[in-house]
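The chain contents come next:
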Amino acid sequence: MTESQGHTESRPTLPLLFIMGATGNMGGELARQLLVAGANVRVGVRSPERVKESGAFTGAEIAHFDASDASTFGALDGVQRMFLLWPPGTDVKRDVLPVIAAARERGIEQIVFLSILGAERIRIVPHRRVEQALEASGMDWVFLRASYFMQNLSGVHRDDIRVRREIFLPAGQGRTSFVDVRDVAAVGAKALMEGHRDRAYNLTGSAALTYTEAADIFGVTLGRRVRYVSPSPIHFVRVVHQRGTPWALTLLMLAEYTVARLGLAGEVTTTVAELLGRPPISLRRFAEDFREVWL
Ligand SMILES: NC(=O)c1ccc[n+]([C@@H]2O[C@H](COP(=O)([O-])OP(=O)(O)OC[C@H]3O[C@@H](n4cnc5c(N)ncnc54)[C@H](OP(=O)(O)O)[C@@H]3O)[C@@H](O)[C@H]2O)c1
């Protein structure tokens, strides 16, 4: 059950691309880039009425889709290729594997999945379980194994920088190869439109920075001092939870920053540049592009 937004000409030769998570960072950016490129897009969201009212994604079909509710899987009918993510905090077996099964039943040819850098090494992460299910599915798969999103600094950590003028997280002096979601989405759009098959892309920025260096970049860009504070894990959990972050997300963040503190988040690859034919977006450029978010 889908409905077109705005005027769409019929594009029978283009494959229908299904994008989930379009109200979030990656799905939203991906859908926008695909629409600009003229692709045939259906976004699957949990609140279709709200998305239609917002006027976002003009030219796309807006369908009701909830990974936890099989009665909405009709949104996948007629789709050739899809973008899948693991919604943070959900259960892979209950909330993701049924989507993969439904996609296969409907003859979907390819799934592009948003994974994390190092998923093949950290076998207990939910992303690796999803990857394994896709590898065994018989469908073509592409894994976007992305490093830490720069957009976390304009999202979940926005007020640290905007209000408290600090970056507050327990990564010590470990390095992180920050990547811009716009680059991850550009690779995802290319993989979907060109129908890449059975590829795992390790996607990072072009530099691995400490959070002290990241804070300095924000300080220069915003014209005010931004300091980096690396609390103990217990202090971090207490403060972040007191600020209203749910336990599941707090613990996910702790795990993420512990990986960085241990020096395991600094891998830099050349994949973005090779696929896009230009260097990845730098943290400085990201800070400049979204400067007003922190002012
Ligand atoms: N943050 C990072 O640094 C990073 C790096 C690499 C990979 N990742 C991975 O990226 C994924 C998150 O991507 P993101 O940052 O783009 O997400 P996000 O901004 O947190 O948004 C999550 C999206 O998932 C949707 N969603 C939640 N539950 C759903 C359900 N049951 N069915 C369908 N959609 C559902 C949400 O829709 P509603 O609006 O309806 O809630 C929203 O659109 C996670 O798997 C994370 O591990 C993150």
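Rules and cut-offs
- Residues numbered from 1 in each chain as written.
- Predicted model: local features only at pLDDT ≥ 70, side-chain atom pairs only at ≥ 80, totals over all residues.
- Heavy atoms only, no water.
- Near = heavy atom within 4 Å.
- Polar contact = N/O pair within 3.5 Å; in protein donor to acceptor, adjacent residues only side chain to side chain.
- Areas by Shrake-Rupley, 256 points an atom, 1.4 Å probe, with all protein chains shown as cover.
- Axes fitted to C-alpha atoms, helices over the stretch in contact; angles between N-to-C directions.
- Helix = DSSP H or I, 4+ residues; strand = E, 2+ residues; numbered from the N terminus.
- Parallel < 35°, antiparallel > 145°, perpendicular 65-115°, else oblique.
- Left-handed = near helix turned anticlockwise from the far one by under 90°.
- Contact = heavy atoms within 4.5 Å.
- Nonpolar A, V, L, I, M, F, W, Y, C, P; charged D, E, K, R; others polar.
- Phe/Tyr/Trp six-rings, centres within 6.5 Å; stacked < 30°, edge-to-face > 60°.
- Buried < 20%, exposed > 50% of the residue type's maximum accessible area, 1.4 Å probe, protein only.
- Lys NZ or Arg CZ within 6 Å of the ring centre and 35° of its normal.
- Domains from an automatic or database assignment.
- Buried area = accessible area lost by both parts, 1.4 Å probe.
- Salt bridge = Lys/Arg side-chain N within 4 Å of Asp/Glu carboxyl O.
- Pairing = 2+ DSSP bridges.

1. Details of the site of the ligand
Item 1. Around the ligand lies a shell of 24 residues, among which Thr-23, Met-26, Arg-46, Trp-86 and His-127 are the nearest.
Item 2. Contact distances for the ligand include 3.0 Å between an oxygen atom and a backbone N or O atom of Gly-24.
Item 3. Ser-68 places a polar side-chain atom, nitrogen or oxygen, 3.3 Å from a nitrogen atom of the ligand.
Item 4. For the ligand, whose free accessible area comes to 930 Å², the fraction covered by protein is 82%.

2. Section: the packing of helix H1 (residues 25-36) against helix H6 (residues 181-194)
Item 1. Where H1 meets H6, the closest approach of the two axes is 9 Å, and the angle between their N-to-C directions is 55 degrees. With respect to H6, the axis of H1 lies oblique. Our pair here, H1 against H6, has a crossing hand that is right-handed. The segment H1 lies against H6, with Asn-25, Met-26, Glu-29, Leu-30, Gln-33 and Leu-34 engaging Val-181, Arg-182, Val-184, Ala-185, Ala-186, Gly-188, Ala-189, Leu-192 and Met-193.
Item 2. Looking at side-chain class alone, the contact of H1 with H6 contains ten nonpolar, three polar and two charged residues.

3. Focus on the packing of aromatic side chains
Item 1. For the structure shown, the criterion picks out 14 aromatic pairs.
Item 2. A centroid spacing of 5.8 Å and a plane angle of 35 degrees characterise the contact between Phe-65 and Phe-73, whose relative ring orientation is tilted. The two residues Phe-65 and Phe-73 agree in class, both being buried.
Item 3. Taken together, a centroid distance of 5.6 Å and an interplanar angle of 70 degrees make the contact between Phe-286 and Trp-294 edge-to-face.
Item 4. The class of Trp-294 is buried, set by a relative accessible area of 0%.
Item 5. In textbook terms, an aromatic cluster arises when at least three aromatic residues are bridged by ring pairs, as seen for Tyr-148, Phe-168, Phe-178, Tyr-211, Tyr-228, Phe-236 and Tyr-257.
Item 6. One Lys or Arg, Arg-243, reaches over the ring of Phe-168 and ends 5.3 Å from the middle of that ring.

4. Considering the side chain of Glu-61
Item 1. Within the element layout of this structure, Glu-61 appears in strand E4 (residues 61-64).
Item 2. With a relative accessible area of 19%, Glu-61 lands in the buried category.
Item 3. Engagement of the side chain of Glu-61 in a polar contact is seen with the side chain of Arg-42, the distance being 2.6 Å.

5. Some words on the domain arrangement of the chain
Item 1. Partitioning the chain into domains gives domain 1 (3-146) and domain 2 (147-179 + 203-266 + 276-295).
Item 2. Its C-alpha centre places domain 1 at a distance of 27 Å from the equivalent point of domain 2.
Item 3. Both sides of the domain 1 and domain 2 interface together cover about 670 Å² of buried area, and 74% of this is carbon and sulfur.
Item 4. On inspection of domain 1 and its partner domain 2, the count reaches zero salt bridges.
Item 5. Seen at the junction of domain 1 and domain 2, the total is one residue pair in polar contact (both at pLDDT 80 or more).
Item 6. Per-element accounting of the side of domain 1 that touches domain 2 gives the leading share, three residues, to strand E7 (residues 140-146).
Item 7. Grouping the constituent residues of the side of domain 1 that touches domain 2 by class yields six nonpolar, one polar and one charged.

6. Looking at the pairing of strand E5 (residues 81-85)
Item 1. The buried fraction of E5 amounts to five of the five residues, a majority that puts the element mostly inside the structure.
Item 2. Where burial is concerned, the two faces of E5 agree: the one with Arg-81, Phe-83 and Leu-85 and the one with Met-82 and Leu-84 are both buried.
Item 3. As paired strands, strand E2 (residues 16-20) and E5 are joined by three bridges and run parallel to one another. Within E5, the residue paired with Phe-18 across the bridge is Met-82.
Item 4. Strand direction decides the pairing type here: E5 and strand E6 (residues 110-116), joined by five bridges, are parallel.

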